[in-house]
Amino acid sequence: MADTQWEVYEVFHQQSRGDPHIYVGSVHAPDAEMALVLAKEQYARRQACVNLWVVPASAILATEYADEDIFDRATDKSYRESWGYKTPKTIRASQDEGAKRDDD
Amino acid sequence: MTTIETPEALSVITKEAVVDLLYRMADDELMIGHRNSEWTGHAPILEEDIAFSSMAQDEIGHAHVYYQLLHELGEADPDTLAFGRKQRAYRCAALVSLPKNDWAFTIVRQFLYDASEQVRLAALSACNYSPLANLATKLRSEEKYHMMHGRSWILRLGNPTEKSHEKMQAALDKAYPYATGLFEPSEYCQPLLQAGICPTENELKSQWESAVAPVLADAGLTIPASCKPVYGGRVGKHPAELAQLLEGLQLVYKIDPSAKW
């Protein structure tokens, strides 16, 4: 039997303006416009949303998991991480406060 | 014309007319929501199953808020209004009583119905009775999505293959006279117009025709010429299919009116 399944579109959801679009899942659809229509009810019916993106899954070029080792760090690269830098006290204090709010 | 803020400030005739209008709108929403919910688990694809079920919930949600507004106007509580009336007391148009049929009919009916809601809510959002104007304004956002959804399906099913075109045209031929029946004129048309609540049904119908015609034309579908509107629902004369619908809808309430689920 022929595969009657529609194309897969990956869905990206933006919670409020200025936020990054976050990948939330996929839908099957005959074209991009229909993918947006369907994505709205699949991925924006519970959480707040101001904008959706859909992208044909076939348009995404991905690395191979077999090549996962390219992400390994053969030598100490901790100097690249932000905690390696001095953070002004005021910024750190406001970050801590933000983290505390998130916990509440 | 001054804005009317509370039920008490409505004149006797205007109140009667608003009550009739709200019954028509609420009962339409309840029945089409119920009919559409019959697709839950059966829609053509999973994504659409979820989307269409959500839209059915939207319609039933609209019915609920209209029943609440009716309750504020002195009618019974929303549950009693939804589940506790005799068939002849409902004011829904015959369009929404019809069985769901195939997907083509469901999509065509929903599109024609949503377009009618869109023009009515647009008018009501500027009406003189502010509780209704506020509510209409709020509900328009959901209707906007419903129109996007309906339009997308109509355009995709109308054109692509001969078989799909035939099914859609047959659905339109069947649904159209019922859809024009949504605008059944009544004795309340003039009072509603004079009180600045709602344009006449004839006026809404012509706005509706302007809204649906271009989409149907783009989809390669032909509006049936000279079709007689199916009237009766607004005065409680319903097709036999409503009895079957109410049997399911009222089943639990009849066994136990206080049941919670």
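The written sequence of each chain sets the order in which its residues are numbered from 1. Just so you know, chain letters begin at A and ligand numbers begin at 1, following the order they were written in. Side-chain atom pairs in this predicted model are given and counted only at pLDDT of 80 or more, local residue features only at pLDDT of at least 70, and totals for whole chains, interfaces and linings cover all residues.

Enquirer: What exactly am I supposed to notice about the overall build of chain B here?
Expert: Looking only at helices and strands, chain B has 11 helices and 0 strands in total. The order of helices and strands in chain B, counted from the N terminus, is α-α-α-α-α-α-α-α-α-α-α. A compact globule built from 261 residues should have a C-alpha radius of gyration of about 18 Å, and chain B, at 18 Å, falls within 12% of that. By principal-axis analysis of the C-alpha atoms, chain B measures approximately 55 × 45 × 30 Å. What counts as a helix is a DSSP run of H or I of at least four residues, what counts as a strand is a run of E of at least two, and both are numbered from the N terminus. Within these notes, the globule rule equals 2.2 Å times the number of residues to the 0.38 power, and the radius of gyration is based on C-alpha atoms.

Enquirer: Sorry if this is basic, but what is going on with the overall build of chain A here?
Expert: Secondary structure assignment for chain A yields 2 helices and 3 strands. Within chain A, the proportion of its 104 residues that are buried is 12%. Think of it this way: build a C-beta for each residue from its backbone, and any pair within 7 Å is a contact. In chain A, the share of contacts with a sequence separation of at least 24, taken over all contacts with a separation of at least 6, comes to 43%. Between the buried cut of 20 or more and the exposed cut of 12 or fewer other C-beta atoms within 10 Å of a residue's own C-beta lies the partly exposed class, and all C-beta atoms are placed from the backbone.

Enquirer: Would you mind going over the interface of chain B and chain A with me for this structure?
Expert: Size of an interface: often given as the accessible area lost when the parts come together. Every contact between the two is made by 11 residues of chain B and, on the other side, 11 residues of chain A. Along the lines of polarity and charge, the residues of the side of chain B that touches chain A split into 5 nonpolar, 3 polar and 3 charged. Each residue gets one label: Ala, Val, Leu, Ile, Met, Phe, Trp, Tyr, Cys and Pro are nonpolar, Asp, Glu, Lys and Arg are charged, and the others, such as Gly, are polar.

Enquirer: Help me out: how do you make sense of the nonpolar core in this one?
Expert: Generally speaking, a soluble globular protein has its nonpolar side chains buried in company with each other. A set of buried residues qualifies as a nonpolar core if it consists of Ala, Val, Leu, Ile, Met, Phe, Trp, Tyr and Cys joined through C-beta atoms within 7 Å. Of all hydrophobic cores here, the largest spans 69 residues; its most connected members are Leu22(B), Ala26(B), Leu95(B), Val108(B) and Ala175(B). Sequence-distant contacts of Leu95(B), that is, excluding residues within four places in its chain, are made with Arg109(B), Tyr113(B), Ala175(B), Tyr178(B), Ala179(B), Gly181(B) and Leu182(B). Judged by nonpolar contacts, the second largest core, of 14 residues, contains Met34(A), Ala35(A), Ala51(B) and Phe52(B).

Enquirer: Any chance you could explain the sheet that holds strand β3 (residues 51-56) of chain A here in plain terms?
Expert: Strands belonging to one sheet form pairs held by backbone hydrogen bonds; the direction of such a pair is parallel or antiparallel. Residue and element names in this part refer to chain A. Two strands are said to pair when DSSP picks up at least two bridges between them. Strand order across the open sheet formed by 3 strands is β2-β1-β3, with antiparallel pairing between neighbours. A single partner strand is all that each edge strand has here, and the edge strands are β2 (22-29) and β3. Strand-to-strand, the axes of this sheet are offset by a mean angle of 30 degrees, without reference to chain direction. For strand β1 (residues 7-14) and β2, the ladder comprises 7 bridges, and the chain directions are antiparallel. Lines fitted to C-alpha atoms define the axes here, with helix axes fitted over just the stretch in contact, and angles between the N-to-C directions of these axes take values from 0 to 180 degrees.

Enquirer: In this structure, what is going on with the pairing of β1(A)? I would like to understand it.
Expert: The side chains of a regular strand alternate, residue by residue, between the two faces of the sheet. Pairing of β1(A) with β3(A) involves 6 bridges; the strand directions are antiparallel. Along β3(A), the bridge assignment pairs Val11(A) with Val54(A).

Enquirer: So what exactly am I meant to see when it comes to helix α6 (residues 130-158) of chain B here?
Expert: Two residues of an α-helix separated by three or four positions point the same way, owing to the 3.6 residues in each turn. Helix span, expected: 1.5 Å multiplied by one less than the number of residues in the helix. Between the first and last C-alpha of α6(B) there are 40 Å, a value that for 29 residues agrees with the 42 Å anticipated at 1.5 Å per step. Throughout, bend refers to the angle between the axes fitted to the seven residues that end at a position and the seven residues that start at it. If you look at α6(B), its biggest bend is around 35 degrees, right at Arg140(B).

Enquirer: What is the right way to read helix α2 (residues 46-72) of chain B from this model?
Expert: The terminal C-alpha atoms of α2(B), which comprises 27 residues, lie 39 Å apart, in line with the 39 Å expected from a rise of 1.5 Å per residue. Looking one or two residues beyond α2(B), the residue adopting positive phi is Gly74(B), at roughly 100 degrees.

Enquirer: Looking at this model, I keep getting lost on unusual backbone geometry. Mind explaining?
Expert: Backbone phi values are negative for most residues with the exception of glycine, while trans is the configuration of most peptide bonds. Residue and element names in this part refer to chain B. In this structure, asparagine 101 takes a positive phi of about 55 degrees despite not being glycine. If you trace the backbone, asparagine 101 turns up in the loop between α4 (94-97) and α5 (103-124). A tally of 15 C-beta atoms within 10 Å means that asparagine 101 is categorised as partly exposed. One non-glycine residue, serine 226, adopts positive backbone phi at about 40 degrees. Structurally, serine 226 can be placed in the loop between α9 (201-218) and α10 (241-249).

Enquirer: Where do I start with the environment of Leu251(B) in this structure?
Expert: Residue and element names in this part refer to chain B. As for its placement among the helices and strands, leucine 251 is situated in helix α11 (residues 251-255). Overall, leucine 251 belongs to the exposed group, with 10 C-beta atoms counted inside 10 Å. Spatially, the C-alpha atom of leucine 251 lies 8.7 Å from that of phenylalanine 83, the residues being 168 residues apart in sequence.

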